[in-house]
Amino acid sequence: MRIMHLTGVFPRPTETFIKRYVEKSCLFAEVDLASFHFEDIDPAMPGVSFFALNREFYTRKNITGAARYLSERISRERSWYNGFDQAIREFQPDIIHCHFGTEGISMMQFEKKIKTKVPYVTSFYGYDISSLPATDKRYRENLIRLLNHGNAFFAEGPELKKKVLAFGCADEKCLVNPLLIPEEDYPRKETYRKPGDPVKFLFVGRFIEKKGFHIFLEAIGRTLKKPGSFTIDVI
């Protein structure tokens, strides 16, 4: 089996879960990773081939940029299409895994223009099915088209799946695919603290409602009414 992953940027420090998916897929398939931008590639990823997609940014404020914009709008073909088509022909994937709705839409538009027959699935991780559709009308319209035409979709949890279904996706096309956590990186401890030591709380996340920081504070408020000392670290 051959799997091609499609990402916008790889690897991002805040998106290690994508790296986990790529590593796990290497256990049962040949793997290729296509991305519009590569940062520092981990050399400890043997068996993965990488392909850089050329999606150059340009401005419409000069003649060259305006001409390119008009050409792409008329032909509906982006500058990276030919390179991606070549990568698919060379690797011949059995399936393409698009990470985030933005890349799923890019794949849908590519498929419509190039007429590729490779099935593709799209994973949603959060903002791409919640805040982005609410603030970007064009993205929301393309998202609805993607949910109608895409082969299948992954949501990282049941609550996120509800958001996917709310946009009209058929239930049988959307599966829950939990984020991967390597247990070996978190060894079990028999003793977490010594008697008399304060309880240590750690919160890691942005200060927005969906991260639950307000729930954390409410829980701490209840803890204050009970005996015992504790410390809090917030990152």
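The residue numbering used here restarts from 1 in each chain and proceeds along that chain's sequence as written. Only residues with pLDDT of at least 70 get local features here, since the model is predicted, and only at 80 or more are side-chain atom pairs given and counted; chain-wide, interface and lining totals rely on the full set of residues. The side-chain values count all of the structure's non-hydrogen atoms but skip hydrogen atoms and water molecules.

**Q** Help me get a handle on a positive patch on the surface, residues and values and all.
**A** Think of a patch as exposed residues, more than 30% relative accessible area, with no salt bridge, where like charges cluster within 9 Å and nonpolar side chains (Val, Leu, Ile, Met, Phe, Trp, Tyr) cluster within 5 Å. Using the Shrake-Rupley algorithm and a 1.4 Å probe, accessible areas are obtained, with residue cover drawn only from the displayed protein chains. What counts as a salt bridge is simple: a side-chain nitrogen of Lys or Arg found within 4 Å of a carboxyl oxygen of Asp or Glu. Charge assignment: positive for Lys and Arg, negative for Asp and Glu; neither His nor the chain ends contribute. For the purpose of locating charges, the reference atoms are NZ of Lys, CZ of Arg, CG of Asp and CD of Glu. A surface patch of positive charge is lined by Lys112, Lys113, Lys115, Lys117 and Arg145. Working definition: helices are DSSP H or I runs of at least four residues, strands are E runs of at least two. Numbering for both runs from the N terminus. Along the polypeptide, Lys112 turns up in helix α4 (residues 101-114).

**Q** A description of the nonpolar core should follow, citing residues and the corresponding values.
**A** In plain words, nonpolar cores are sets of buried Ala, Val, Leu, Ile, Met, Phe, Trp, Tyr and Cys residues tied together by side-chain atoms within 4.5 Å. Per-residue accessibility, obtained with a 1.4 Å probe over protein chains only, is compared with the maximum for each type, and a residue is labelled buried under 20%, exposed over 50%, and partly exposed between these values. Judged by nonpolar contacts, the single largest core of 32 residues is most densely connected at Met4, Leu6, Phe84, Ile96, Met107 and Phe124. A per-element tally of this core places helix α3 (residues 81-91) first, with five residues. By definition in these notes, contact holds between two residues if any of their heavy atoms fall within 4.5 Å. What Phe84 contacts, discounting residues up to four positions off in sequence, is Met4, Leu6, Ala34, Phe51, Leu53, Ile96, Met107 and Phe110. Core analysis: the next-biggest nonpolar cluster, separate from the first, contains eleven residues, Ile18, Val31, Val48 and Tyr125 among them.

**Q** Describe α3, naming the residues involved and giving the relevant values.
**A** Taken together, the buried positions of α3 are Tyr81, Phe84, Asp85, Ala87, Ile88 and Phe91. Taken around the axis of α3, the buried residues stretch over an arc of 160 degrees, which confines them to a single face. Set apart from the buried face of α3 by more than 90 degrees, the exposed residues are Asn82, Arg89 and Glu90. Its buried side turned inward, α3 meets β1 (2-10), β2 (30-38), β3 (48-52), β4 (95-99) and α4. Regarding the arc, it is the one traced by the directions from the helix axis to the C-beta atoms.

**Q** Which residues make up the side chain of Asp128, and what are the values?
**A** Along the chain, the position of Asp128 falls in the loop between β5 (120-124) and α5 (131-135). The definition of a polar contact used here is a pair of N or O atoms within 3.5 Å, where within protein one atom must be able to donate a hydrogen and the other to accept one, and adjacent residues in sequence count solely through side-chain atom pairs. A polar atom in the side chain of Asp128 sits 2.8 Å from the backbone nitrogen of Gly101. At a separation of 3.0 Å, a polar atom in the side chain of Asp128 contacts the main-chain amide nitrogen of Gly126. Residues in contact with Asp128, not counting those within four places in the same chain, are Phe100, Gly101, Ser123, Pro133, Tyr139 and Leu143.

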